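Architecture and fold: a report
In case you want the letters, here they are:
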Amino acid sequence: MKYVVDHTLQPVPLEDLPNMIADHALILAYMDLKEFLKVAPLLKVKQSTIDLLCMETVHFRSSYYLAEEYVFGIFQLVDVKHIMESSGRIAIFATEDYFFVVSADENNRFISSVLQTALARCKVEDLAVEKVLYLFFDNLLMEDNVALEDIEFEFDLLEDRIVAKKIDEDFYKILIEKKRELFVLHNYYEQFIEFADMLEENELGLFKDKEEKYLKIMDTKFNRLKQNTLLLRENLVQLREAYQAFLDYSLNSVMKLLTVVTTIFLPLTLIVGWYGMNFSSMPELTWRYGYIYVILLTIIVIVLCIWGFKRKKLM
């Protein structure tokens, strides 16, 4: 998908791009890696930039480049509905006249439709690289706010399970998974923020002053998504603290029960030890009702202990 802007949005085959580049026409394009490598010499792309694009990496915030005539960035993509599954990489190549989105992997062909939708949102006469940048990233991250809100709803449900004491052995595993997902999302948005900051600085004067507002809007959106992610991480910390408090309460309940049982059996142990001495001078040993006496004494001790614990609200 390649277009040249000349009063209308005109599709252009790859073989015609060299002429358009020579004429400094406004070009907006989505390419795969092989296509971009063919036109890279015409765009005066440095070899170091090509090496970055061809290098496989799983890291975020690792590949941004500001050359004399262009800006270049590589981004790890994340599907917010399946955060831990890789969605591939894309590269952005932008100058005053060109905006290229390059697919560095085969599994992110949907980016073509993202760019197509972004171009459809803008009048042709208003098209500029800065505005297309903003619209492209706005479309790319369009569903992220809803996805973050869904995660917040999940946290509410997990909190309800703690309150209702419906916690199973997988609960902590869920918390760990959510922690990893939020870590990935944080790095995901951070890479966009760093790229937007580089664009806003505009050290090389590649972008027009009147269009820089779109870069600021784009940067604001990235920061808002990052802040929402940080809020979710804080909510997760509170959720883990509530879970730990529940475990502590459960442990304390068990310990209290053991303490009560131990306290009840302490006087009984004393009675057993006392009458287990079997001295000949003990009258209960030869008393006709000695056995019944010990039984009644034991029952009375148990009843008194239980009554005392309930009065102190320990049972």
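Everything numeric here is computed off the predicted structure, so don't read it as measured data. (Residues numbered from 1 in each chain as written. Predicted model: local features only at pLDDT ≥ 70, side-chain atom pairs only at ≥ 80, totals over all residues. Heavy atoms only, no water.)

**A few points about the nonpolar core**
Side chains of nonpolar character tend, in soluble globular proteins, to be buried together. Operational definition: Throughout, nonpolar core names a set of buried Ala, Val, Leu, Ile, Met, Phe, Trp, Tyr and Cys residues whose side chains join them through atoms within 4.5 Å. Note on exposure labels: buried denotes an accessible area under 20% of the residue type's maximum, exposed denotes more than 50%, and partly exposed covers the range between, all computed with a 1.4 Å probe on protein chains only. Each helix is a run of H or I in the DSSP string that is no shorter than four residues. Each strand is a run of E no shorter than two, and both are numbered from the N terminus. Here a residue-residue contact requires only that any non-hydrogen atoms of the pair lie within 4.5 Å.
Judged by nonpolar contacts, the single largest core of 61 residues is most densely connected at Phe 99, Leu 133, Phe 136, Phe 137, Leu 140 and Leu 185. Of the residues forming this core, the biggest block, 13 residues, is contributed by helix H7 (residues 171-201). Setting aside residues no more than four positions away along its own chain, Leu 140 makes contact with Leu 77, Phe 110, Ile 111, Val 114, Tyr 188 and Phe 192. Core analysis: the second largest hydrophobic core is formed by 20 residues, Ala 29, Ala 40, Val 45 and Ala 104 among them.

**Observations regarding a nonpolar patch on the surface**
Quick note on the threshold: Like charges within 9 Å and nonpolar side chains (Val, Leu, Ile, Met, Phe, Trp, Tyr) within 5 Å are joined into patches, using only residues over 30% in relative accessible area that form no salt bridge. Working definition of accessibility: Shrake-Rupley area with a 1.4 Å probe, residue cover restricted to the visible protein chains. Salt bridge, as used here: a side-chain nitrogen of Lys or Arg that lies within 4 Å of a carboxyl oxygen of Asp or Glu.
The grouping of Trp 287, Tyr 289, Tyr 291, Ile 292, Tyr 293, Ile 295, Leu 296, Ile 299, Ile 300, Val 303, Leu 304 and Trp 307 at the surface amounts to a nonpolar patch, some 1300 Å² of accessible area in total. For Ile 295, the position within the fold is in helix H10 (residues 290-311).

**Quick notes on helix H4 (residues 111-120)**
Rules: The arc in question is formed by the directions pointing from the helix axis toward the C-beta atoms.
Among the residues of H4, Ile 111, Val 114, Leu 115, Ala 118 and Leu 119 are the ones counted as buried. All buried residues of H4 project into a common sector of 130° when viewed along the axis, lining one side.

**A closer look at a negative patch on the surface**
Put simply, the rule is: Under the counting rule used here, the positive set is Lys and Arg, the negative set is Asp and Glu, and His together with the chain ends is not counted. For the purpose of locating charges, the reference atoms are NZ of Lys, CZ of Arg, CG of Asp and CD of Glu.
Together, Glu 149, Asp 150, Glu 152, Asp 156, Glu 159 and Asp 160 make up a negatively charged patch on the protein surface. Exposure remark for Asp 150: the relative accessible area of 38% places this residue in the partly exposed category.

**A short note on the packing of aromatic side chains**
Within a pair of aromatic rings, the relevant descriptors are the distance that separates the centres and the angle that separates the planes. Cut-off, in case you're wondering: Ring pairs are drawn from Phe, Tyr and Trp, using the six-membered ring of Trp, whenever the two centres fall within 6.5 Å, and their geometry is named by plane angle: stacked under 30 degrees, edge-to-face over 60, tilted for the rest.
Scanning all chains against the criterion turns up 18 aromatic pairs. Where Tyr 98 meets Phe 100, the ring centres are 6.1 Å apart and the plane angle is 20°; that geometry is what we call stacked. In this pair, the class of Tyr 98 matches that of Phe 100, namely buried. Put simply, the rings of Phe 75, Phe 99, Phe 136, Phe 137, Tyr 188, Tyr 189, Phe 192, Phe 195 and Phe 222 pair up and form one aromatic cluster.

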